[in-house]
Structures are given as C-alpha cells and as structure tokens.
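# What the coordinates show
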Amino acid sequence: MPVALTDEGRARHDERRRALTEALHTAPARLGAPAVDSAAEVLDHLSAVHDRL
C-alpha cells in the first residue's frame, strides 16, 4: 500500500536517516570491530528470520 509523507514527516525521516548514517559510521571506532561484527551477524540472522515470515 503506497503512503505519502507530509513535508514535516519527510523532514523528520531525513533527520533520522542522517542520524542513523552518522551512528553507523562512528560505531566501529566506539565499539571495536569484534562487537560490530557480532552485531552484523545478529542483524543478518534477524533479516533472514524476517524474510521467512
């Protein structure tokens, strides 16, 4: 089902996307590569579970 965002909704979405992008770029330095690798593995697993639903 298609949806449309208001201008305010689009601005909020863009703001959240920028914040997520920044967080993902700084995570390896803050958390360390092993923690990021573990998190990626968990997310891959969750993605596969979601795809089977």
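Parameters at a glance
- The residue numbering used here restarts from 1 in each chain and proceeds along that chain's sequence as written.
- Owing to the predicted nature of the model, reporting of local features is limited to residues with pLDDT of at least 70; listing and counting of side-chain atom pairs is limited to 80 or more, with chain, interface and lining totals taken over all residues.
- As a convention, hydrogens and water are excluded, and side-chain values are obtained from all of the structure's heavy atoms.
- For the purposes of this entry, the term helix denotes a DSSP run of H or I that reaches at least four residues, the term strand denotes a run of E that reaches at least two, and both are numbered from the N terminus.
- Take the residue count of a helix, subtract one, and multiply by 1.5 Å to get its expected span.
- Inter-axis angles, ranging from 0 to 180 degrees, are taken between N-to-C directions of lines fitted to C-alpha atoms, where helices are fitted over the stretch in contact.
- Put simply, angles under 35 degrees are roughly parallel, angles over 145 are roughly antiparallel, angles from 65 to 115 are roughly perpendicular, and the rest are oblique.
- The contact criterion used throughout is that any non-hydrogen atoms of two residues lie within 4.5 Å.
- Each reported salt bridge corresponds to a side-chain nitrogen of Lys or Arg within 4 Å of a carboxyl oxygen of Asp or Glu.
- Relative accessibility thresholds used throughout: buried, under 20% of the residue-type maximum; exposed, over 50%; partly exposed, between the two (1.4 Å probe, protein chains only).

### Observations regarding helix 1 (residues 7-31)
Between its terminal C-alpha atoms helix 1 stretches 35 Å, which fits the 36 Å expected from 25 residues at 1.5 Å a residue. Just downstream of helix 1, G32 is the residue with a positive phi angle, here 90 degrees.

### Regarding the packing of helix 1 against helix 2 (residues 33-52)
Viewed as axis vectors pointing N to C, helix 1 and helix 2 meet at an angle of 130 degrees, and their least axial separation amounts to 6 Å. It follows that helix 1 is oblique to helix 2 by the angle criterion. Residues A27, P28 and L31 of helix 1 lie in contact with helix 2, whose contacting residues are A33, A35 and V36.

### Observations concerning the pattern of salt bridges
It is possible for side chains bearing opposite charge to pair when their charged atoms get close. Summed over all chains, the structure comprises 2 salt bridges. R12 is the partner of E15 in a salt bridge, and the nearest nitrogen-oxygen pair spans 3.0 Å. In this pair, E15 and R12 are both assigned in helix 1, 3 residues apart and thus about one turn of the helix distant. Residue classification places E15 among the partly exposed positions, given a relative accessible area of 44%. Residues D14 and R17 are paired through a salt bridge, measuring 2.8 Å at the closest nitrogen-oxygen approach. Note that D14 and R17 are positioned in helix 1 at a spacing of 3 residues, about one turn of the helix.

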